[in-house]
Amino acid sequence: QRMRELFPTRGITPSDTPRALPTNPVEIDNVAVTFSDGRRTTAGAWLADAYTDGFIVLHQGKVVHEQYLNGQRPATEHIMFSVTKSLTGTMILMLAEEGLIDLSKPVRQYIPELAQSAYGDASVQQVMDMTNSITYDETYEDPESDIGRYFVALAPGGPGMYAHLRTLTKELPSYAHGEAFQYVTPDTEVLGWLIRRITGSSLSDNLQQRIWTPMGAEFPANYILDPLGIELAGAGLSMTLRDAARF
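Residues numbered from 1 in each chain as written. Predicted model: local features only at pLDDT ≥ 70, side-chain atom pairs only at ≥ 80, totals over all residues. Heavy atoms only, no water.

Asks: Just to check I follow, could you spell out the overall build of the chain for this structure?
Replies: Secondary structure summary: the chain contains 10 helices and eight strands in total. Against the globule reference of 18 Å for 247 residues, the chain gives a C-alpha radius of gyration of 20 Å, in line with a compact fold. Taking all 247 residues of the chain together, 47% fall into the buried category. Considering only contacts in the chain between residues 6 or more positions apart, those separated by 24 or more positions represent 67%. Surface exposure of the chain reaches about 12,200 Å², of which carbon and sulfur atoms provide 54%. The averaged location of the 30 negative side-chain charges in the chain is 5 Å from the averaged location of its 19 positive side-chain charges. (Helix = DSSP H or I, 4+ residues; strand = E, 2+ residues; numbered from the N terminus. Rg over C-alpha atoms; globule rule 2.2 N^0.38 Å. Buried < 20%, exposed > 50% of the residue type's maximum accessible area, 1.4 Å probe, protein only. Contact = heavy atoms within 4.5 Å. Areas by Shrake-Rupley, 256 points an atom, 1.4 Å probe, with all protein chains shown as cover. Lys, Arg positive; Asp, Glu negative; His and termini not counted. Charge placed at Lys NZ, Arg CZ, Asp CG, Glu CD.)

Asks: Can you walk me through the pattern of salt bridges in this structure?
Replies: Two side chains of opposite charge can pair, provided their charged atoms sit close to one another. Taken as a whole and judged by the stated rule, the model has 12 salt bridges. A salt bridge links Arg210 to Glu98, with the nearest nitrogen and oxygen atoms 2.6 Å apart. Of this pair, Arg210 sits in helix α9 (residues 203–212) while Glu98 is found in the loop between α3 (84–97) and α4 (107–110), placing the two residues 112 residues apart along the sequence. What emerges from the salt-bridge pattern is a single network uniting Glu66, Glu218, Arg242, Asp243 and Arg246. (Salt bridge = Lys/Arg side-chain N within 4 Å of Asp/Glu carboxyl O.)

Asks: Whenever I open this one, the layout of surface pockets confuses me. Can you help?
Replies: Where empty space is left can be seen by rolling a probe of water-molecule size over the atoms. By volume, the largest pocket is sized at about 420 Å³. Lining the largest pocket are 22 residues, with Phe7, Phe151, Leu154, Ile224 and Leu232 sitting closest to its centre. Ranked by the residues each element gives to the lining of the largest pocket, the list is headed by helix α6 (residues 146–154), at four residues. For the lining of the largest pocket, the residue count by class is 17 nonpolar, three polar and two charged. (1 Å grid on protein atoms, 1.4 Å probe; cavity = no way out; pocket = protein on both sides within 12 Å on 5 of 7 lines; lining within 4 Å. Points joined across faces, edges and corners; volume = space filled by probe spheres on them. Nonpolar A, V, L, I, M, F, W, Y, C, P; charged D, E, K, R; others polar.)

Asks: What exactly am I supposed to notice about the side chain of Asp226 here?
Replies: Mapped onto the fold, Asp226 is located in the loop between β7 (221–224) and β8 (237–239). For the buried Asp226, no salt bridge exists, and the shortest N-O distance to an oppositely charged side chain is 7.5 Å, to Arg196. Of note is the side chain of Asp226, whose polar atom sits 2.8 Å from the backbone nitrogen of Met161. A distance of 2.8 Å separates a polar atom in the side chain of Asp226 from the backbone nitrogen of Leu228. (Polar contact = N/O pair within 3.5 Å; in protein donor to acceptor, adjacent residues only side chain to side chain.)

Asks: How should the sheet that holds strand β1 (residues 9–12) be read in this particular structure?
Replies: Across a sheet, strands are paired by hydrogen bonds formed along the backbone, either parallel or antiparallel in direction. The four strands are arranged β1-β7-β8-β6 in an open sheet whose pairing can be described as antiparallel. Looking at the sheet topology across the chains shown, the edges are occupied by β1 and β6 (78–79). Bridge count for β7 against β8 is two bridges, and the pairing is antiparallel. Of the residues in β8, the one forming a bridge with Tyr223 is Leu237. The strands touched by α9 are β1, β7 and β8; relative to β1, the strand with the most contacts, the crossing angle is about 20°. (Pairing = 2+ DSSP bridges. Axes fitted to C-alpha atoms, helices over the stretch in contact; angles between N-to-C directions.)

Asks: Would you mind going over the packing of α3 against α9 with me for this structure?
Replies: The relative placement of two packed helices comes down to the angle between their axes together with the axis-to-axis distance. Contact geometry of α3 with α9 gives a least axis separation of 11 Å together with a crossing angle of 70°. Taken as axis vectors, α3 and α9 run roughly perpendicular relative to one another. Here α3 contributes Leu87, Thr90, Met91, Met94 and Leu95 to the contact with α9, which in turn contributes Leu203, Asn206, Leu207, Arg210 and Ile211. Its residues placed into classes, the contact of α3 with α9 shows seven nonpolar, two polar and one charged. (Parallel < 35°, antiparallel > 145°, perpendicular 65-115°, else oblique.)

Asks: What exactly am I supposed to notice about α3 here?
Replies: Structurally, the α-helix is built with 3.6 residues per turn, so residues lying three or four positions apart point the same way. In this model, α3 (14 residues) spans 20 Å end to end at C-alpha, consistent with the 20 Å of a helix rising 1.5 Å per residue. Three or more residues of α3 are buried, namely Thr84, Lys85, Leu87, Thr88, Gly89, Met91, Ile92 and Leu95. Looking one or two places after α3, you find Gly99, whose phi comes out positive at around 80°. (Expected span 1.5 Å × (residues − 1).)

Printed below as a string of structure tokens:
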């Protein structure tokens, strides 16, 4: 809830005409929840035990449940972590529909700086699908892992996002592009770079113009920035719960 106090960020402003979220409240506290191991609880107890900050449910376009805990409020911008990837991917698809990017083309055609990296001969579609061949260990609690080096690159004084992406190499001969899925956060950072390169505008400006204003966002949002002022396209977006529901 406090990313703007901890990191440099770039803001996105709400719409002048926020889209209404009609409500049809339903009480869910006593709804039964069964876990895969057979344990049973209620939705209310589960939300409290799971350290939930905010929970919203839409049904047929109406808010049927909205709940805030742990200091979260309707206007609080909350870090979305990897849900950020969904908005980045959406913007790539919008550019494709506008004919500004060909998803079948190799990444190096748009970003020559990545020609010698794992991404150079991968297609944009393969990077979107995370089926590009890459050597990458995304073990968050291991500071020596690849994702650990990613965090170091983004820290104050680090070389930044683009420098980290250029160091990544292929997984070959284990698998070729398109043969296997591997969850790799920097894949989405490549998509963020593509958006900036193709449009000539920041990721924040693109989100503002393509999604935030048209969808009638009610509140501001913000992106965490790397040391060079580049938005984190794979994990750095904070927004309110209600605007997440609008998206």
